[in-house]
Amino acid sequence: MFIGVFFSNGTISNSYSTANVSGTDYVGGLVGYKLDSNVSNSYSTGNVNGTIYIGGLVGYNHGGRILNSYWNNNSIKPGWCWSNASGNYSINCTAIQNNAPYFYNVNNAPMNSWDFVSVWSNSNNGINYPILKWQETGFPTLGLGDLWEKFVEHFKKLFGYA
């Protein structure tokens, strides 16, 4: 999962997750619990397993909007992009049942409204999911240890412990 809890009028856009996610409550492929915030131009492709409030893209959607986003359902359950106390839904989020090639074609909805000039890339020539443009340049990635060190360094500076 990309984000556990996401709230307070924020926006996630132009993002994706390919991770398999398992949990109990509020389990989503990209966001577990979304409160009064927005998700747009994003996708998730991993398997999502949980007990209650599970969704392929967002586990629990409480307010805000989901636009131009999708989830490729590889596992039958859940069969929807997001859920909330009223039910399970795929409104404004395309849930396709185990059909990855559909998403390889950027002319299909919802990708046909995404920015494939400066944000997204289809450099894989239609044989894989879209990636973000910056990933083509080969920027170095940080491992978890590196990220933790950067976090601690920032925390120390922020609170005067440096």
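Up top you'll find the structure we're talking about.
As the structure is a computational prediction, the values presented were derived from the model and not from experiment.

Outline the overall build of the chain, supporting the account with residue identities and numerical values.
On a plain count of helices and strands, the chain comes out with 2 helices and 16 strands. Every one of the 162 residues in the chain was classed for burial, and the buried ones make up 37%. Intrachain contacts of the chain at a sequence separation of at least 6 include 64% that bridge at least 24 residues. Carbon and sulfur atoms form 54% of the exposed surface of the chain, whose accessible area is close to 8900 Å².

Hey, could you go over a nonpolar patch on the surface for me, with residue numbers and the actual values?
Judged by side-chain polarity, Leu158, Phe159 and Tyr161 come together as a nonpolar surface patch covering roughly 380 Å² of accessible area. Residue position: tyrosine 161 is located in the segment after helix H2 (144-158). Its relative accessible area of 59% is what places tyrosine 161 among the exposed residues.

Break down the packing of aromatic side chains for me, with residues and values.
This model, assessed by the stated rule, comprises 18 aromatic pairs. When the centroid spacing of 4.6 Å and the interplanar angle of 80° are considered together, the rings of tyrosine 53 and tyrosine 60 count as edge-to-face. With relative accessibility at 9%, the residue tyrosine 60 sits in the buried group. Measuring from ring centre to ring centre gives 6.4 Å for phenylalanine 103 and tyrosine 129, while their planes differ by 25°; the resulting arrangement is stacked. Linking phenylalanine 103 in helix H1 (residues 100-104) with tyrosine 129 in the loop between strand E15 (120-121) and strand E16 (131-132), this pair joins segments that are 26 residues apart in sequence. Neither residue differs from the other here; phenylalanine 103 and tyrosine 129 are each classed as buried. The structure contains a cluster of three or more aromatic residues connected by ring pairs, namely Tyr16, Tyr43, Tyr70, Tyr102, Phe103, Tyr104, Trp114, Phe116, Trp120 and Tyr129.

Give a description of the side chain of serine 40 that names residues and reports values.
Position of serine 40 among the secondary structure elements: in strand E6 (residues 38-44). For serine 40, a relative accessible area of 17% gives the class buried. Setting aside chain neighbours within four positions, we find serine 40 in contact with Ile12, Ser13, Asn14, Leu67 and Ser69.

Give me the lowdown on unusual backbone geometry, citing residues and values where you can.
Between alanine 109 and the following residue, proline 110, the backbone shows a cis peptide bond with an omega angle of 5°. Mapped onto the elements, proline 110 comes out in the loop between H1 and E15.

Break down the nonpolar core for me, with residues and values.
Core analysis: the largest hydrophobic core is formed by 15 residues, its most contacted members being Leu30, Leu57, Val58, Ile66, Cys81, Trp82 and Cys93. Among all residues touching valine 58, those that are not within four sequence positions of it are Gly28, Val31, Lys34, Ile66, Cys81, Trp82 and Ser83. One finds Tyr43, Tyr70, Ile96 and Ala100 within the second-largest nonpolar core, a separate group that totals 13 residues.

What counts and what doesn't
- Residues numbered from 1 in each chain as written.
- Predicted model: local features only at pLDDT ≥ 70, side-chain atom pairs only at ≥ 80, totals over all residues.
- Heavy atoms only, no water.
- Helix = DSSP H or I, 4+ residues; strand = E, 2+ residues; numbered from the N terminus.
- Buried < 20%, exposed > 50% of the residue type's maximum accessible area, 1.4 Å probe, protein only.
- Contact = heavy atoms within 4.5 Å.
- Areas by Shrake-Rupley, 256 points an atom, 1.4 Å probe, with all protein chains shown as cover.
- Patch = residues over 30% accessible without salt bridge, like charges linked within 9 Å, V, L, I, M, F, W, Y side chains within 5 Å.
- Salt bridge = Lys/Arg side-chain N within 4 Å of Asp/Glu carboxyl O.
- Phe/Tyr/Trp six-rings, centres within 6.5 Å; stacked < 30°, edge-to-face > 60°.
- Core = buried A, V, L, I, M, F, W, Y, C linked by side-chain atoms within 4.5 Å.

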